[in-house]
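Coordinate analysis (summary)
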Amino acid sequence: MDWQSFSLSLQLALVTLALLLPLSIPAAYWLATTQRGIKPWVEGLIALPLVLPPTVIGFYLLIVLGRQSWLGQAYEQLFGQPLVFSFSGLVLASIIFNIPFAVQPIQRAFEAIPLEVREAGQCCGLGFWQRFLRIDLPLSWPGMLSAAVITFAHTLGEFGVVLMVGGNIPGETKTVAISIYDRTQAFDLAGANAMSLLLLAISLTTIVVSYGLVGRMMNARRPV
Amino acid sequence: MDWQSFSLSLQLALVTLALLLPLSIPAAYWLATTQRGIKPWVEGLIALPLVLPPTVIGFYLLIVLGRQSWLGQAYEQLFGQPLVFSFSGLVLASIIFNIPFAVQPIQRAFEAIPLEVREAGQCCGLGFWQRFLRIDLPLSWPGMLSAAVITFAHTLGEFGVVLMVGGNIPGETKTVAISIYDRTQAFDLAGANAMSLLLLAISLTTIVVSYGLVGRMMNARRPV
Amino acid sequence: ANEAPTIAAAADLRFALERLAEDFRAKTGNAIRVSFGSSGNFTTQIENGAPFEIFLSADENYVFRLADQGLTRDHGSLYAVGRIVLFAPHGSLLATDPQLEQLRQVIAQGRLHRFAIANPEHAPYGRAARAALQTAGLWPLIQPSLVLGENAAQAAQFASSGSTDGGIIPLSLSKAPQLAALGTFSTIPADWHSAEPLRQRMVLLRNAGATADAFYRFLQTDEARKTLAEFGFVVPDESMKE
Amino acid sequence: MSLELVLHNQGPDLDLHATLPAGRITALLGPSGCGKTSILRAIAGLLHPKHARIRMHGEVWSDSDMRRFVPTRLRPIGFVPQQYGLFPHLTALGNVMMSLRHLSATQRSVSAQAFLDQVHIGELADRYPRALSGGQRQRLALARAIAREPQLLLLDEPFSAVDRTTKRLLYVEIKRLHEQLGLTTVLVTHDLDEAAQLASHLCLIDQGRLLQAGPTREVLARPCCESAARLLDIPNIFEGRLDNTGAEGSQVLAWGPHRLKVDQRFNVAGPFRWGIQPGNVLMVRDDKPWGDHLENPVACRIVEHVELGAELLVWLTPDALPNETLQMRLPARALQRHPLQPGQHMTVCLRRNDLLLFRDEAPGTGGRAA
Amino acid sequence: MSLELVLHNQGPDLDLHATLPAGRITALLGPSGCGKTSILRAIAGLLHPKHARIRMHGEVWSDSDMRRFVPTRLRPIGFVPQQYGLFPHLTALGNVMMSLRHLSATQRSVSAQAFLDQVHIGELADRYPRALSGGQRQRLALARAIAREPQLLLLDEPFSAVDRTTKRLLYVEIKRLHEQLGLTTVLVTHDLDEAAQLASHLCLIDQGRLLQAGPTREVLARPCCESAARLLDIPNIFEGRLDNTGAEGSQVLAWGPHRLKVDQRFNVAGPFRWGIQPGNVLMVRDDKPWGDHLENPVACRIVEHVELGAELLVWLTPDALPNETLQMRLPARALQRHPLQPGQHMTVCLRRNDLLLFRDEAPGTGGRAA
Ligand SMILES: Nc1ncnc2c1ncn2[C@@H]1O[C@H](COP(=O)(O)OP(=O)(O)OP(=O)(O)O)[C@@H](O)[C@H]1O
Ligand SMILES: Nc1ncnc2c1ncn2[C@@H]1O[C@H](COP(=O)(O)OP(=O)(O)OP(=O)(O)O)[C@@H](O)[C@H]1O
Ligand SMILES: [Mg+2]
Ligand SMILES: [Mg+2]
């Protein structure tokens, strides 16, 4: 069992979540509340990472973030190491790839908050942040949970992009998804099975526990 | 430009949508309305296809549905052709792979329907189906749209599973995603760029138009 | 079948086979459809009923594996032996030489950053690269710098992308104009990886039709062998053939 | 032929056994939070009490003992919930048409329009609920409920958001429906006048229990207990003593030094709570001879008086009971001829027939729900 | 020192210019759908009318000409919306604490509990809104609004879901607040009694326009126009003719053959609409000498009478005008001494001081909003 790749994947999933959620929440909030004409365009753009195959996204990322690119060189000068074939590169790639899965559920959750409740927040004199933290966020829990679970699971299973910009470096970019794939390629069915099952078990437990807990919490608080 | 694979991908995305949505809606409805203890387990199971890398899912599907398997043989006897390496096989694979993306947004949308409104449906004497068709479905439009767009886009961009289960046979199982990937592998950057751009443009237009229309429709009907 | 037969071909054959398919069509008027990919994947797919009619593997062991299961007509024939090269993209600090001396120096100076090979766990070209590096005594030193491609083609992509300092990739790919334009390469002596000889074997599968049969035979003609040689494959002599 | 209810539940708390007459309007009256909405929801089959037996015209709708339960949609009810529960994605017309699914499509929209007209929002047929005012929404909910032509109409404060004039028009519609269809109606209301005008029967509810039920007029005139009297907004409730020392052995209610004659007989003696409607506190004019008519006179001092519309409220303190306050209601016009001044003395008469003597309360119903 | 409003809008329609006195309770009265909620929402900054100028105590809150707009959260208001808008994810206590974010955490919960107690739902502090009854939710919304200690309290039918007793307790709380803080309150209500009891000022609204504004008592006694009279629930509105043929050149109101003496003088003659409060229609007793007091006698026949609580409603038809109906209100007790029978004849007197003469209506305000 390739424990290293397990822990790497978990790290990747958690770091992605930790960076992506805080970015998705304001984006989703803006999309849920704006009436601007460009809204559907932004929604369309956000959904685009879905349309290209992950490996192709990886290919382009390799070009855009690579050492020969303007961006890759800037990063390398700043941090002293290249962006591709590194953990940071994976994080960036998996954030880009997960944007649509994170933003959409949160946006729908914000949209479902009744207007009366939002207005009541204003009438209580709460500033924007207060309202956001104490009303909008708690009321959109189920959507956030959906977003988090999907992002988490999707990062665990991400393969194409990681393969392209990662380079399969043990301990740095060899995620459990790639590890399992390598097993299947080496006709090591037993190894692949064992790792797959463990991955499935871990994920199932995480999901069941989080859904169970949040589900119970939400029941009492359904809107009037 | 590989038009054949474009049309194949569009067909696959549309057939997947046409089959998956009708399956996801009842599942999402059940999940949204049930209070049973197994609910989080089912939610967890539904999210599982996300966790394994697509190629690995493809690998397992190949084993489970292949000609050596019990299931694959039964199918072949019934329909006279094997399930894998055929369009039907692709459809099946892409349905399985898209389940979490289709079910979760619809479930959240159903959950957001106010209890009063559901009860009013009962008090109007509407039977289950009437209520479902005339109240629950129209009120969960945004969630359905999210689900449809994500599924559609995700099928267009699907690569790993399709490659494994389809086998990259031109005109039959060579989708646009694989075609673009092939171009990148052939160091044909220009060809890859052209196809990617066209795919992105088609998708963006579809998404923008559908979001724009539905967004306008929903504004008048926000819940009171 | 009157439909063009589908052929599963290892990724390193991409450029050569595209040309051969055209030649074949010009000659016979019959089209063929080629899928390029990893030989390991093709093996799994064929085991599970993929409708390929010819399988051109990058490693003869896959062919034998299928033959043992009775999925092929015979044990096939050796069509080429692959060669590996040290590839360095333009602007790399690495210069190429067949003896890997430059590589050794760069490693000794601690300047080698990233170096691409195919994954030796399952890719034949990866195993050959590993063998060559072992022969050169560089394997333990180079390991921290390695990035692994899923297959030979991806390794070539990494090696030429400019994000690595170079890599060991198939000669057949480096010779293709698209790649050749991106850097320089030197062919590594065949005996450096004699443990992993890269014997590429093709085989007709059970369901092969007449066109496939014809193409299979076409690939063994001198004309086809010449084309293969042009693309950097060592054409097997009769003695190597079996 | 009636609606029989047996409901027991906790959170919302219910402990109720009632029979409502068929073909009539019964009003449920009770303080906020006493369980009125919960009762309607149980009747509709939306609330599942721990123990329930609901029979409508002999037909079992719910019976937790027999494990029978007719689902809401099969109960021939029209329900106006307290929060309306309109369909936000349908226009006003569409909302009403939902109740008319037994008709053909063309009939349906004609009929729905007629129901909208009936509640005076006919010209708003194309509006979505979001763009209606509170009272318009409420009337839409009413139209949707009656459109089903139900056997049982459940109205949860259905006129709370409309103005008086509209309210009066709606009363007429409800009464007309009643005459035409003879349906049974349960009306939750906080408005005594509304109950008095619309309902032939009245149930007083407190903390999930039935305090008193009967014809509206009777209940209004003779609340059975102190809680009922409070529900009916009777401010004059006092502590007295019942004893048997009256003339010819009759009972007398001692209230301080006053010994008030009473009509009823109880076989108890001792402390007894009693009350009187403010409208029944009669002013004794000095200029008029009362003679024998002057029953139970009480000499008082005027504390305060307030004119409320056409009515005059006067608070009095009996001279002999300086800690008690008695409220009296007079037509405002009375003030013009007999100007009242705080501090002024006057005598009132509490006729024995008007005295409300409260039996023991049912245990636990003494307190007021929050 | 006042709240000045200029509002123009379409859909919801508003066309309004009003000044509400500071430190007082002003009631907005109008038919359902006339725009009361929209006015409150505009004051709160939640509705953005096409044209608006709102100044509170001289401070500009909205001015579409000057392009100034103070956002809702910076306006020192407490708002009880018609649909409450409670926070579903917070307990009752949590809901009130949201208005108290200027306090420290410990103070906040103590203070929130006090506000809950003030509206008599103190023991429900831990409940989520979902588990409260309609009236409890409404009171929670009220507690949340007053907890902010606002300068301006906006109440949109804040007592519509609570019972009389609780309502009366809440009136006291609102009045106490007023005395303590001198805040300005705008109260939307459909209840004339509520307006009469709570509000010192009254604005009558119809179809987004101001019909009449002034001290409550004055407006109630003297509606300026027919629409206002209808809003005030005056059923007796008739068409007459004003002419100058009275004694000493005074004006006379001709109503059929009756020539009613009037108090006011208008410089018009011709058709004129007029009305009278039902409580001002006086019964002339046969047994009493009226003599000169008998102003404007009208001989009538009783059509119908109904006892409503302590009141008696009598509908009369003047003998000379068989198509008109006059409503009269009497204390119910009157029936006991003078039993009335439909068909019976009686004379009523319409005192000149009580006659309401309606000037020309403001253009377009004649119709009734739906
Ligand atoms: N889910 C619940 N859990 C516990 N208590 C509840 C729940 N729902 C309601 N209650 C309580 O049950 C009581 C009855 O509620 P109900 O809504 O029936 O009152 P109501 O008579 O309709 O009051 P109102 O006139 O204020 O609408 C209330 O005190 C309420 O707080
Ligand atoms: N979004 C809208 N578009 C068009 N008309 C609207 C919109 N919202 C409300 N209206 C209309 O504006 C009018 C005023 O609405 P408002 O809610 O202010 O009435 P209201 O006086 O509060 O009535 P109620 O007493 O019934 O609550 C109503 O006739 C309503 O139908
Ligand atoms: Mg209620
Ligand atoms: Mg309103």
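Residues numbered from 1 in each chain as written. Chains lettered and ligands numbered in written order. Predicted model: local features only at pLDDT ≥ 70, side-chain atom pairs only at ≥ 80, totals over all residues. Heavy atoms only, no water.

Regarding the packing of helix 5 (residues 87–111) of chain B against helix 8 (residues 141–157) of chain B
Packed helices, taken two at a time, are described by the angle between their axes plus the distance between the axes. Residue and element names in this part refer to chain B. Rule in force here: Fitted lines through C-alpha atoms give the axes, limited to the stretch in contact for helices. The angle between two N-to-C directions lies from 0 to 180 degrees. Each helix corresponds to a stretch of at least 4 residues labelled H or I by DSSP, and each strand to a stretch of at least 2 residues labelled E; elements are numbered beginning at the N terminus. Angles are sorted into four bins: roughly parallel if under 35 degrees, roughly antiparallel if over 145, roughly perpendicular if 65 to 115, and oblique for all others. Helix crossings fall into two classes, left-handed where the near helix is turned counterclockwise from the far one by less than a right angle and right-handed where it is turned clockwise. Contacts were defined at the residue level, with two residues in contact if any of their heavy atoms lie within 4.5 Å. The residue classification treats Ala, Val, Leu, Ile, Met, Phe, Trp, Tyr, Cys and Pro as nonpolar and Asp, Glu, Lys and Arg as charged. All others, Gly included, are polar.
For the pair helix 5 and helix 8, the least separation of the axes is 8 Å and the interaxial angle reads 165°. In this view, helix 5 runs roughly antiparallel relative to helix 8, as classed from their interaxial angle. Like other packed secondary-structure pairs, helix 5 and helix 8 cross with a definite hand, here right-handed. On helix 8, the residues that touch Ser 94, Phe 97, Asn 98, Phe 101, Ala 102, Pro 105, Ile 106, Ala 109 and Phe 110 of helix 5 are Gly 143, Met 144, Ser 146, Ala 147, Ile 150, Thr 151, His 154 and Thr 155. For the contact of helix 5 with helix 8, the residue count by class is 10 nonpolar, 7 polar and no charged.

Remarks on the coordination of the magnesium ion (ligand 3)
Octahedral metals with six donors have ideal donor angles of 90 or 180 degrees. Tetrahedral metals with four donors have an ideal donor angle of 109.5 degrees. All names here are of chain D. For clarity, the cut-off: Coordination partners: N, O, S within 2.8 Å of the metal, 3.2 Å for Na, K and Ca; water not considered, so apparent gaps in a site are possible. When a residue's accessible area, from a 1.4 Å probe over protein chains only, is under 20% of the maximum for its type it is buried; when over 50% it is exposed; and in between it is partly exposed.
The protein atoms donating to the magnesium ion (ligand 3) are Thr 37 (OG1) and Gln 82 (OE1), with metal-donor distances spanning 1.8 to 2.2 Å. Note that Thr 37 is positioned in helix 1 (residues 36–44) and Gln 82 in the loop between strand 7 (77–80) and helix 2 (92–97), a separation of 45 residues in sequence. Among the residues examined, Gln 82 registers a relative accessible area of 16% and is labelled buried.

Section: the sheet that holds strand 3 (residues 25–29) of chain D
All names here are of chain D. Under the convention used in this document: For two strands to pair, DSSP has to find at least two bridges joining them.
Sheet architecture is open: 6 strands sit in the order 7-8-9-3-10-11, paired in mixed fashion. This sheet does not close on itself; its edge strands, each paired only once, are strand 7 and strand 11 (209–215). Within the sheet, the average angular offset between the axes of one strand and its neighbour, ignoring direction, is 15°. Bridging between strand 3 and strand 9 (residues 184–189) involves 5 bridges; their strand directions are parallel. Its bridge partner being in strand 9, Leu 29 is matched across the sheet by Thr 189. The strands that helix 4 (residues 134–147) touches are strand 7 and strand 8 (152–156); relative to strand 7, the one it contacts most, it runs at about 175°.

Here we look at unusual backbone geometry
Most peptide bonds adopt trans geometry, and most residues besides glycine take a negative phi value. Residue Pro12(D) is bonded to the preceding Gly11(D) through a cis peptide linkage, with omega at -10°. In this fold, Pro12(D) is placed in the loop between strand 1 (2–9) and strand 2 (14–21). The backbone of Phe85(A) sits at a positive phi, close to 55°, despite the residue not being glycine. Structurally, the position occupied by Phe85(A) is in the loop between helix 4 (70–79) and helix 5 (87–111). Even without being glycine, Asp233(D) reaches a positive phi, approximately 70°. In this fold, Asp233(D) is placed in the loop between helix 8 (226–231) and strand 12 (236–243). For Asp233(D), a relative accessible area of 10% corresponds to the buried category.

Thoughts on the side chain of Gln212(E)
All names here are of chain E. Put simply, the rule is: Identification of polar contacts relies on pairs of N or O atoms within 3.5 Å, with a donor-acceptor requirement for protein atoms, meaning one able to donate a hydrogen and the other able to accept it, and with residues adjacent in sequence counted only if both atoms are side-chain atoms.
By the element assignment, Gln 212 lies in strand 11 (residues 209–215). Using a relative accessible area of 13% as the deciding quantity, one classes Gln 212 as buried. From its side chain, Gln 212 meets the backbone oxygen of Arg 222 in a polar contact 3.0 Å long. In this structure, Gln 212 is in contact with Leu 202, Cys 203, Leu 204, Val 219, Arg 222, Pro 223, Cys 224 and Ala 228, ignoring residues within four places of it in sequence.

Regarding the domain arrangement of chain D
Residues and elements named next belong to chain D. Using the following cut-off: The split into domains, and so the bounds of each, comes from an automatic or database assignment of domains. When two parts are brought into contact, each loses some accessible area as probed by a 1.4 Å sphere; the total of that loss over both is the buried area. Put simply, a salt bridge is a Lys or Arg side-chain nitrogen that is within 4 Å of an Asp or Glu carboxyl oxygen.
On domain assignment, one finds that chain D holds domain 1 (2–225) and domain 2 (237–357). Each of domain 1 and domain 2 has a C-alpha centre, and the two are 40 Å apart. Counting residues at the interface gives 4 residues for domain 1 and 6 residues for domain 2. Surface buried jointly by domain 1 and domain 2 totals about 340 Å² across both partners, of which 31% is contributed by carbon and sulfur atoms. The interface formed by domain 1 and domain 2 contains 0 salt bridges. In this assembly, domain 1 and domain 2 are joined by 3 residue pairs in polar contact (both at pLDDT 80 or more). Residue composition of the side of domain 1 that touches domain 2, grouped by class: 3 nonpolar, no polar and 1 charged.

Some thoughts on helix 3 (residues 105–118) of chain D
All names here are of chain D. Put simply, the rule is: For a helix, the expected span equals 1.5 Å multiplied by the number of residues minus one. It is the directions from the helix axis to the C-beta atoms that the arc portrays.
With 14 residues, helix 3 ought to run about 20 Å at 1.5 Å a step, and its terminal C-alpha atoms sit 20 Å apart, in line with that. Turning to helix 3, its buried residues number three or more, namely Arg 108, Ser 111, Ala 112, Phe 115 and Leu 116. Down the axis of helix 3, the buried set is contained in an arc of 145°. They therefore lie on one face. Away from its buried face by more than 90 degrees, helix 3 exposes Thr 106 and Val 110.

So, the interface of chain D and chain E
The partner chain E presents 47 residues to the 47 residues of chain D that form the contact. Roughly 3,600 Å² of surface becomes buried between chain D and chain E when both sides are summed, with 39% attributable to carbon and sulfur atoms. On inspection of chain D and its partner chain E, the count reaches 8 salt bridges. Across the pair Arg164(D) and Asp233(E) runs a salt bridge, and its minimum N-O distance is 3.4 Å.

Some thoughts on the packing of aromatic side chains
Convention followed: Between 30 and 60 degrees the pair is tilted, below 30 it is stacked and above 60 it is edge-to-face, where a pair is any two Phe, Tyr or Trp rings, Trp via its six-membered ring, whose centres lie within 6.5 Å. Only when the NZ atom of a Lys or the CZ atom of an Arg is both within 6 Å of the ring centre and within 35 degrees of the ring normal do we say a charge sits over the ring.
In total, this model carries 36 aromatic pairs over all chains according to the counting rule given. With a centroid separation of 6.0 Å and an interplanar angle of 40°, the aromatic rings of Phe110(B) and Phe132(B) are classed as tilted. In this pair, Phe110(B) sits in helix 5 while Phe132(B) sits in helix 7 (residues 128–139), placing the two residues 22 residues apart along the sequence. Arranged with centres 5.3 Å apart and planes meeting at 85°, the rings of Phe128(B) and Trp129(B) form a pair that is edge-to-face. Feature note: the residues Tyr29(A), Phe110(A), Phe128(A), Trp129(A) and Phe132(A) constitute an aromatic cluster, connected by ring pairs. The ring of Phe187(A) carries Arg65(C) above its face, with NZ or CZ at 3.9 Å from the centroid.

A look at the site of ligand 2
To keep things clear, this is the line we draw: Residues are counted as near a molecule or strand when any one of their heavy atoms sits within 4 Å of it. In short, Shrake-Rupley with a 1.4 Å probe defines the accessible areas, and a residue's cover is counted only from the protein chains shown.
Ligand 2 sits among 20 residues. The nearest are Arg127(D), Ser133(D), Gly135(D), Thr37(E) and Ser38(E). Each of chains D and E places residues near ligand 2. In the model, a nitrogen atom of ligand 2 is placed 3.3 Å from a nitrogen or oxygen of the Ala131(D) main chain. In this structure, an oxygen atom belonging to ligand 2 sits 2.6 Å away from a side-chain N or O atom of Ser133(D). Isolated, ligand 2 exposes 640 Å² of accessible area, and the fraction of that covered by the protein chains is 83%. When residues of the shell around ligand 2 are traced back to their parent elements, those giving at least two are helix 4 of chain D together with helix 1 (36–44) of chain E.

Here's the deal with the relation of the copies chain D and chain E
In plain terms, the rule: Here the copies were fitted onto each other by least squares, based on C-alpha atoms from residues at pLDDT of at least 70 in both.
By a simple turn and slide, chain D fits onto chain E: the slide is 0.2 Å along the axis, the RMSD is 0.1 Å, and the turn is 180°. In symmetry terms, the pair is related by a two-fold rotation axis. Of every C-alpha in chain D, the one belonging to Ser160(D) sits nearest the axis of rotation, 2.7 Å from it. Take the interface residues of chain D: 100% of them recur as interface residues in chain E, which is what a same-surface contact looks like.

Considering the site of ligand 1
Lining the immediate surroundings of ligand 1 are 20 residues, of which Thr37(D), Ser38(D), Arg127(E), Ser133(E) and Gly135(E) lie closest. Near ligand 1, residues from chains D and E are present, making the site a shared one. Within the contact set of ligand 1, an oxygen atom lies 2.7 Å away from a side-chain nitrogen or oxygen of Ser32(D). Measuring from an oxygen atom of ligand 1, one finds a side-chain N or O atom of Ser133(E) at 2.6 Å. Considering ligand 1 on its own, with 640 Å² of exposed area, one finds that the protein chains cover 83% of that surface. Where the shell around ligand 1 is concerned, the elements lending two or more residues are helix 1 of chain D together with helix 4 (134–147) of chain E. In terms of residue class, the shell around ligand 1 is built from 5 nonpolar, 12 polar and 3 charged.

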